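# Coordinate inspection notes
Next come the chains, spelled out residue by residue.
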Amino acid sequence: MSDDQQRTKQAKKVAVIGSTGSIGKQTLDVISASQGEFEAAALVAKSNAELLLEQAKKYRPEIVGIVEESAADFLRENLPENTELVVGKTALSAGSSFGDTVLNAVVGFAGLEVTVGTLKAGKRLALANKESLIAGAPIVQSARAFPGAEIVPVDSEHCAIHQCLKAMSAVSEAPSRNTADVSVRDSFKPLAPTSVSRLLITASGGPFYGRKKSDLAKVTLDEALTHPTWNMGPKITIDSSTLMNKGLEVIEAHELFGVPYDGIEVVVHRQSIIHSMVEFCDGAVIAQLSSPDMRLPIGYALSYPDRFSHPYGKLDFTQLNRLDFGVPDPDTFGSLALAYEAGRMGQSAPACLNAANEIAVQAFLDSKISWLQIEEVVSETLNRHNLVKLTDIDDVLYVDKEAREMAEKIAEQLAP
Ligand code: NDP
Ligand code: MG
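The following refers to the structure shown. Model, not experiment: these values are computed from the prediction. (Residues numbered from 1 in each chain as written. Chains lettered and ligands numbered in written order. Predicted model: local features only at pLDDT ≥ 70, side-chain atom pairs only at ≥ 80, totals over all residues. Heavy atoms only, no water.)

## Remarks on the packing of aromatic side chains
This structure, assessed with the given rule, holds 5 aromatic pairs. Judged by centre distance (5.5 Å) and plane angle (50 degrees), the ring pair of Tyr-300 and Tyr-304 falls under tilted. Residue classification places Tyr-300 among the buried positions, given a relative accessible area of 5%. In this structure an aromatic cluster arises from ring pairing among Phe-208, Phe-333 and Trp-371. (Phe/Tyr/Trp six-rings, centres within 6.5 Å; stacked < 30°, edge-to-face > 60°. Buried < 20%, exposed > 50% of the residue type's maximum accessible area, 1.4 Å probe, protein only.)

Shown next as structure tokens:
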């Protein structure tokens, strides 16, 4: 058997759910760069049939899935032979049943099924889709307990924290007597490590850093969609402009690492070179630095606990003159405080926050409300929400639906 055949035989299979989006496309870049270490076993998208076909021809997955029925005929007619096609909502579960690792790159709450299904199947979930973890936290946490299930974060801040915690545990040879270190070795099951005093989540600050609320009444779509350091899909780009993305990341960090909200802080760092930091109880801080390129965290999530060589993360320190830090402005970016509030309330509050935010962001993208009104819609929806306990996935779906309806009404009332 040739070296190439040997490599192909041993390639780890990756299901890329949301393959036509920003993270999905970069995941395929990483798979190409891995030179046979990984292969795309499944590709799933919502409606972009043309790009999906192009990807299917190049990566030859076993299965292709498309959610929108109207886009299916084009694929039926053009897909390579032997490629299975799944159409409709079942494409999500069918796609994620393939492969050793599922990379959830769907945007928004629609990713919940992929997250829960992958964990219940006892597989690795490379998680970009933060919304599913935030909205369905109690259900996702139970699913994490299934044998073989593990989450390795793709979100750059959480991937950085994962690496910082791992860096500490890598040098701890003797079995530790405290639960903290056990949690670190155990792929970060949600135990609060006593040796960790703070998680410091870095934020670029988005396009409106340094601006006052009064300056932002007439923000245009183009201004809000222009991110200073990252090139991402529209929803997360708007979330970055309001700092809701950072708020969602605070809840995501709490759920992933089990650290209480008082121990999670946001630090503005304009250059996006430090992707996050962990402060330990003796005051030492471990940070992860690399170029702002999502292909590094994607590669990490696929290859963990190993790493493979690729060009995406390298820094040129001769060009790096300074690293700046600041604090988020709570008056201009009220969404951050709303997320802390919903996180601390727990139960159904994060699901409500997430649903209201998805509706508000879409209303802004559709030019129905102003940028400042995104925060108003989320705040008012959260105010009117009756907290309930989430015991199963139906509870989550119910809260999500109810919050969306409420947020839609509020947005309509605010619309000029
Ligand atoms: P994009 O909007 O660029 O891509 C979204 C992908 O999901 C597309 O493939 C889209 O298909 C698919 N999709 C959308 N809705 C559905 C649905 N209902 N069912 C199935 N598939 C669907 O988003 P991003 O790549 O920017 O973000 C994806 C996730 O990753 C988000 O949760 C985001 O927060 C997170 N993330 C993104 C980062 C980034 O740099 N982009 C950084 C960190 C986290 P189609 O193209 O056919 O519409
Ligand atoms: Mg992030």
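Right, picking up where we left off after that structure.
## Quick word on the sheet that holds strand S9 (residues 264-268)
Strands pair in a sheet through their backbones, by hydrogen bonds, and they do so in one of two ways: parallel or antiparallel. The strand order across the open sheet built from 4 strands is S9-S8-S10-S11, with neighbouring strands paired in mixed fashion. The strands lining the two open edges of the sheet, one partner per strand, are S9 and strand S11 (285-289). Direction aside, neighbouring strands of the sheet carry axes that sit 20 degrees apart on average. In this structure, strand S8 (residues 196-203) lies alongside S9, joined through 5 bridges in parallel fashion. Each bridged residue has a counterpart across the sheet, and for Ile-201 the counterpart in S9 is Val-266. (Pairing = 2+ DSSP bridges. Helix = DSSP H or I, 4+ residues; strand = E, 2+ residues; numbered from the N terminus. Axes fitted to C-alpha atoms, helices over the stretch in contact; angles between N-to-C directions.)

## As for a nonpolar patch on the surface
Taken together, Leu-289, Phe-317, Leu-323 and Phe-325 make up a surface patch of nonpolar side chains, about 380 Å² in accessible area. By the secondary structure assignment, Phe-317 is in the loop between helix H14 (295-303) and helix H15 (334-345). Owing to a relative accessible area of 55%, Phe-317 belongs among the exposed residues under this scheme. (Patch = residues over 30% accessible without salt bridge, like charges linked within 9 Å, V, L, I, M, F, W, Y side chains within 5 Å. Areas by Shrake-Rupley, 256 points an atom, 1.4 Å probe, with all protein chains shown as cover. Salt bridge = Lys/Arg side-chain N within 4 Å of Asp/Glu carboxyl O.)

## Regarding the site of ligand 1
Taken together, 25 residues lie around ligand 1, and Thr-20, Ser-47, Asn-48, Glu-131 and Gly-233 are the ones closest in. Contact between ligand 1 and Lys-46: an oxygen atom at 3.1 Å from a main-chain N or O atom of the residue. Gly-233 places a main-chain nitrogen or oxygen 2.9 Å from an oxygen atom of ligand 1. Bound to the protein, ligand 1 loses 87% of the 900 Å² it would expose on its own. Breaking the shell around ligand 1 down by element, the ones donating at least two residues are helix H2 (22-33) and helix H7 (130-135). (Near = heavy atom within 4 Å. Polar contact = N/O pair within 3.5 Å; in protein donor to acceptor, adjacent residues only side chain to side chain.)

## Regarding unusual backbone geometry
A cis amide bond links Tyr-304 to the next residue, Pro-305, at an omega of 5 degrees. Here Pro-305 is to be found in the loop between H14 and H15. Even without being a glycine, Leu-243 presents a positive backbone phi close to 70 degrees. Here Leu-243 lies in the loop between helix H12 (234-242) and helix H13 (244-257).

## What to know about the packing of H12 against H13
Axis separation between H12 and H13 bottoms out at 5 Å; the angle between their running directions is 95 degrees. The angle between H12 and H13 falls in the class roughly perpendicular. Along the contact surface, H12 presents Lys-235, Ile-236, Asp-239, Ser-240 and Thr-242, while H13 presents Met-244, Asn-245 and Leu-248. Residue classes in the contact of H12 with H13 are distributed as 3 nonpolar, 3 polar and 2 charged. (Parallel < 35°, antiparallel > 145°, perpendicular 65-115°, else oblique. Contact = heavy atoms within 4.5 Å. Nonpolar A, V, L, I, M, F, W, Y, C, P; charged D, E, K, R; others polar.)

## Thoughts on the sheet that holds strand S2 (residues 38-45)
The strand order across the open sheet built from 7 strands is S4-S3-S2-S1-S5-S6-S7, with neighbouring strands paired in parallel fashion. Strand pairing shows two members of the sheet lacking a second neighbour, strand S4 (84-87) and strand S7 (150-153), which therefore form its edges. On average, each strand axis in the sheet is inclined to that of its neighbour by 25 degrees, with strand direction left out of account. As paired strands, strand S1 (residues 12-17) and strand S5 (residues 101-104) are joined by 4 bridges and run parallel to one another. When the bridges of S5 are listed, Val-14 appears paired with Thr-101. Against the sheet, helix H3 (residues 49-59) touches S2 and strand S3 (63-66), its axis set at about 160 degrees to S2.

## Section: H13
In a regular helix each residue adds 1.5 Å, so 14 residues correspond to 20 Å; H13 covers 20 Å between its end C-alpha atoms and thus fits that length. For H13, the buried fraction is high: 13 of the 14 residues fall into the buried class. Of the residues one or two after H13, Gly-258 is the one with positive phi, at around 70 degrees. (Expected span 1.5 Å × (residues − 1).)

## A short note on the coordination of the magnesium ion (ligand 2)
Taken together, the protein donors to the magnesium ion (ligand 2) comprise Asp-155 (OD), Glu-157 (OE) and Glu-249 (OE), at separations of 2.1 to 2.2 Å. When the donors of the magnesium ion (ligand 2) are listed by position in the chain, the intervening gaps give D-x1-E-x91-E. Within this pair, whereas Asp-155 is found in the loop between S7 and helix H9 (156-170), its partner Glu-249 is found in helix H13, the two being separated by 94 residues in sequence. By relative accessible area, Asp-155 is classed as buried at 8%. (Donors = N, O, S within 2.8 Å, 3.2 Å for Na, K, Ca; no water.)

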